[in-house]
Amino acid sequence: MKKVMNLSKLACLAILLVSFSMNAQDFKDLDKSPMDAAAFPSSHRVSEKTVKVIYSRPQLKGRTVQSLAPNGEVWRTGANEATEITFYKDVTVGDKMVKAGTYSLFTIPGEKSWTIIINSDVDVWGAYSYNKDNDVARVEAPVSEGKKSLEAFSIAFDDEGSMHLAWGTLRVAVPMK
């Protein structure tokens, strides 16, 4: 009887071990262009946001901004999926009124200014299926140069709500209110 009990305990243990290993998950390493989010107001203490941007952060890795986001070509404003921007209330981007909602954020880089594009297509990969007919707003934003070089593409908001794009020493300020 003792042998039967020990054998059944051993069998249960073996089944348990096999079932654990069958359910083990393979988790991927950190993405080379990890997702990030920026919001305004930027403080975590303010729960009512005006805008939130979800984007992936490509790295320069010895390359130039222009080689990754060529002048004159529509860019997804980050890596992987097109950048997503959500306005929780109606806002003015540059001089264009944009209704509350979720949009894709595309850009067309240029030497002296970037065209900022708010587009109604969402859940798209890159800019491959970009459709100009679905643009909600297009705004020109001036290019300036920062003193510090940023390896990873970054988006941030200042205290007034303007959105800032930065990569390498390139800086683009997009007024929002």
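Quick note: structure is the one above.
On to the overall build of the protein chain, then. The number of helices and strands found in the protein chain is 2 helices and 9 strands. The secondary structure elements of the protein chain, listed N-terminal to C-terminal, are α-β-β-α-β-β-β-β-β-β-β. Put simply, the protein chain has 177 residues, and 38% of those count as buried. As displayed, the protein chain has an accessible area near 11300 Å², and 56% of this comes from carbon and sulfur atoms.

In the structure shown here, the tally under the stated rule is 8 aromatic pairs. Between tryptophan 75 and tryptophan 167, the aromatic rings sit 5.6 Å apart at their centres with planes inclined by 10°, giving stacked as the arrangement. Linking tryptophan 75 in the loop between helix 2 (65-68) and strand 3 (83-87) with tryptophan 167 in strand 9 (residues 163-174), this pair joins segments that are 92 residues apart in sequence. Pair check on accessibility: tryptophan 75 and tryptophan 167 agree, each one buried.

Now for the nonpolar core. It is characteristic of soluble globular proteins that their nonpolar side chains tend to be buried jointly. Membership of the largest hydrophobic core comes to 32 residues, with the highest contact counts inside it found for Ile85, Phe87 and Met163. Secondary structure elements with two or more residues in this core: strand 1 (35-40), strand 2 (51-56), strand 3, strand 4 (91-93), strand 6 (101-108), strand 7 (113-119), strand 8 (135-157) and strand 9. Excluding anything up to four places from it in sequence, isoleucine 85 contacts Val51, Lys52, Val53, Gly101, Thr102, Tyr103, Ser104, Leu105, Ile118, Met163 and Met176. The next biggest cluster of nonpolar side chains, apart from the first, holds 6 residues, and it includes Phe106, Ile117, Val124 and Tyr130.

Note on placement: threonine 115 falls in strand 7. Among the polar contacts made by the side chain of threonine 115, one reaches the side chain of glutamate 140 at a distance of 2.5 Å. With residues near it in sequence (within four places) discarded, threonine 115 still touches Phe106, Thr107, Ile108, Arg138, Val139 and Glu140.

With antiparallel pairing, the 7 strands of this open sheet are ordered in space as 1-2-3-6-7-8-9. Strands at the two margins of the open sheet, each flanked by one partner only, are strand 1 and strand 9. Across the sheet, the mean angle from the axis of one strand to that of its neighbour is 30°, orientation sign disregarded.

Turning our attention to the pattern of salt bridges. This structure, assessed with the given rule, holds 2 salt bridges. In this structure, arginine 138 and aspartate 135 form a salt bridge, with 2.8 Å as the shortest nitrogen-oxygen distance.

Within the secondary structure, glutamine 66 sits in helix 2. For the pair glutamine 66 and proline 109, spaced 43 residues apart in the sequence, the C-alpha separation amounts to 8.2 Å.

A separate point is the environment of serine 43. For serine 43, the position within the fold is in the loop between strand 1 and strand 2. Classification of serine 43 by relative accessible area gives partly exposed; the value is 30%. Separated by 116 residues in sequence, serine 43 and aspartate 159 have C-alpha atoms that sit 9.7 Å apart.

Our focus in this paragraph is the pairing of strand 9. Sheet faces and side chains relate simply in a regular strand, where the side chains alternate between the two faces. Of all 12 residues in strand 9, 9 are buried; the element is thus mostly enclosed. Two successive antiparallel strands, strand 8 and strand 9, enclose a turn made up of 5 residues, where glycine 161 displays a positive phi of approximately 100°.

On to unusual backbone geometry, then. Looking along the chain, the bond that leaves phenylalanine 40 and enters proline 41 is cis, with omega of -5°. Tracing the sequence through the fold places proline 41 in the loop between strand 1 and strand 2. For lysine 61, which is not glycine, the phi dihedral falls at a positive 45°. Tracing the chain through its elements places lysine 61 in the loop between strand 2 and helix 2. The exposure class assigned to lysine 61 is exposed, which follows from its relative accessible area of 55%. Positioned with a positive phi, aspartate 123 is a non-glycine residue whose angle comes to about 55°. With respect to the helices and strands, the residue aspartate 123 is situated in the loop between strand 7 and strand 8. Residue aspartate 123 is classed as exposed on the basis of its relative accessible area, which comes to 72%.

How each quantity is defined
- Residues numbered from 1 in each chain as written.
- Predicted model: local features only at pLDDT ≥ 70, side-chain atom pairs only at ≥ 80, totals over all residues.
- Heavy atoms only, no water.
- Helix = DSSP H or I, 4+ residues; strand = E, 2+ residues; numbered from the N terminus.
- Buried < 20%, exposed > 50% of the residue type's maximum accessible area, 1.4 Å probe, protein only.
- Areas by Shrake-Rupley, 256 points an atom, 1.4 Å probe, with all protein chains shown as cover.
- Phe/Tyr/Trp six-rings, centres within 6.5 Å; stacked < 30°, edge-to-face > 60°.
- Core = buried A, V, L, I, M, F, W, Y, C linked by side-chain atoms within 4.5 Å.
- Contact = heavy atoms within 4.5 Å.
- Polar contact = N/O pair within 3.5 Å; in protein donor to acceptor, adjacent residues only side chain to side chain.
- Pairing = 2+ DSSP bridges.
- Axes fitted to C-alpha atoms, helices over the stretch in contact; angles between N-to-C directions.
- Salt bridge = Lys/Arg side-chain N within 4 Å of Asp/Glu carboxyl O.

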